[in-house]
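Structural features, examined
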Amino acid sequence: QINEAEVVLFSVPSYACQRRTTLDNHNVTLTDALSLLAENAELSDEDGRGVAFRRAAAVLKALPAPVTAMSQLTGLPCLGDHSLRVIKDILENEASDEVESTKQSDRFKALKVLTGIFGVGSKTADRWIRDGIHNLHQLQESGATLNRAQQAGLEHYNDLNQQVTKAEADAITEIVQEAVVSVLPGAQVVLTGGFRRGKQTGHDVDFLITHPEEGREVGLMPKVVFWLESQGFLLYQKTTRNSYLEVKDGPGRPSSNMDRFERCLSIFKLAKKEERGIKVTVNTVKTRDSWRAVRVDLVVSPISQFAFALLGWTGSKLFERELRRWAGHEKAMSLSSHALYDNKQSRYLRAASEEEIFAHLGLEYIPPSERNA
Ligand code: DGT
Ligand code: MG
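First things first, this report covers the structure right here in the doc. For clarity, every value in this text was computed on a predicted model and none was experimentally measured. (Residues numbered from 1 in each chain as written. Chains lettered and ligands numbered in written order. Predicted model: local features only at pLDDT ≥ 70, side-chain atom pairs only at ≥ 80, totals over all residues. Heavy atoms only, no water.)

**Considering the pairing of strand E7 (residues 291-300)**
Put simply, the rule reads: We call a residue buried when its accessible area falls under 20% of the maximum for its residue type, exposed when it is over 50%, and partly exposed in between, using a 1.4 Å probe and counting protein chains only. Helix and strand definitions here come from DSSP, where helices need a minimum of 4 consecutive H or I residues and strands a minimum of 2 consecutive E residues; each element is numbered from the N-terminal end. A pair of strands is labelled paired if DSSP reports no fewer than 2 bridges between them.
With respect to burial, E7 is a largely interior element, 10 of its 10 residues being buried. Side-chain alternation along E7 places Trp 291, Ala 293, Arg 295, Asp 297 and Val 299 on one buried face and Arg 292, Val 294, Val 296, Leu 298 and Val 300 on a second face that is also buried. Pairing analysis gives 5 bridges linking strand E4 (residues 205-210) to E7, with the strands arranged parallel. Counterpart to Asp 206 in the pairing with E7 is Asp 297. One ladder, built from 10 bridges, connects strand E6 (residues 262-271) with E7; its direction is antiparallel. In the strand pairing of E7, Ser 266 is matched with Val 296.

Encoded structure:
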């Protein structure tokens, strides 16, 4: 019998962007379970359910101690009936039947394997499953047509499904820096994504590139890609062009959160630790077991949009989603990775730093290491 007075009651604000979420998660079992249900929903094209589970998991990640009794959760935001049922099952029985059966289901396993191929989304995977393709062997036998990204994804499947370490991210940072300063002295490279939030591993390595003088970044991406390609660092790359135009007045506010920066999705050929020399300028590795493939994302931003791009590419994904929801629902503003538009004043709000963006949004500044929602 637990004395009511001894139960620690938790309290957290309802938007993830109002909370400090470090990597020190006291409720890993619960958040893993809810994240798995979120992933299953997303893979099944049920985004609404996916977000609900992600929000519930994020609330638990923000708690200062492990949950031991359901009564502690009274009054917490974002915990719907379904999430509460899963939490209750785990607290009472150490596992949730729903989570376990989802994990074991043939459909979930097949979706995981197939979307584990770079370039394959849930729609493609679903189509293949309906054609009786459940694993890589069946895919290869099927004669299904693969695009260039998917071919590279299949070829480097094992490497790309192995977590990237911080040491590997640092080695790639050096290479990208070398490439960028070689083609445009003065340009700057920032590591973003999970590694900027302090994670020790990630599924890829994300970079944001800019130049302190507006306009100097134009044309930078093709040069960087050409340098990397000619030095033998790229196994695959696809560059998409910037098409963002800021409309000064009228209904020109950012209409979607789709990113329109110049962006390069690539697969790097990274020498293994023993093989990495002091000089990074030429990739000399030859034998297959002396290198591994790593997913790398490069984004180029003009300095005028840099703060927004940095905030937008640092994540976590849920933190980003919550920032945009906060901006829209609580402040009548539209936030993207390019700009912040104030719908009441009908104008863009400038910012030179992430701190200024949080201030415009009426939020306390949350540093990257506390955006792990
Ligand atoms: P990871 O790589 O699994 O360790 O985790 P993250 O947090 O690095 O996630 P990742 O690499 O998928 O994306 C990094 C951040 O960049 C993510 O938190 C949100 C943002 N992001 C990703 N894709 C897009 C995109 O297409 N457009 C925009 N605006 N942002 C994106
Ligand atoms: Mg990442």
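Okay, back to it.
**Concerning the coordination of the magnesium ion (ligand 2)**
The cut-off we apply is this: Because water is not among the atoms used, a metal site may look incomplete, as its donors are only the N, O and S atoms within 2.8 Å, or 3.2 Å for Na, K and Ca.
Around the magnesium ion (ligand 2), the protein contributes the donor atoms Asp 204 (OD) and Asp 206 (OD), at 2.0 to 2.2 Å from the metal centre. Asp 206 matches Asp 204 in its accessibility class, with the two residues each being buried.

**Examining the sheet that holds strand E10 (residues 347-348)**
Reading across the sheet, the 3 strands line up as E8-E9-E10 and stay open at both edges, with antiparallel pairing between neighbours. Bordering the open sheet on either side are strand E8 (333-335) and E10, each of which pairs with just one other strand. For E8 and strand E9 (residues 340-342), the ladder comprises 3 bridges, and the chain directions are antiparallel. Across the sheet, residue Met 333 finds its bridge partner in E9, namely Asp 342.

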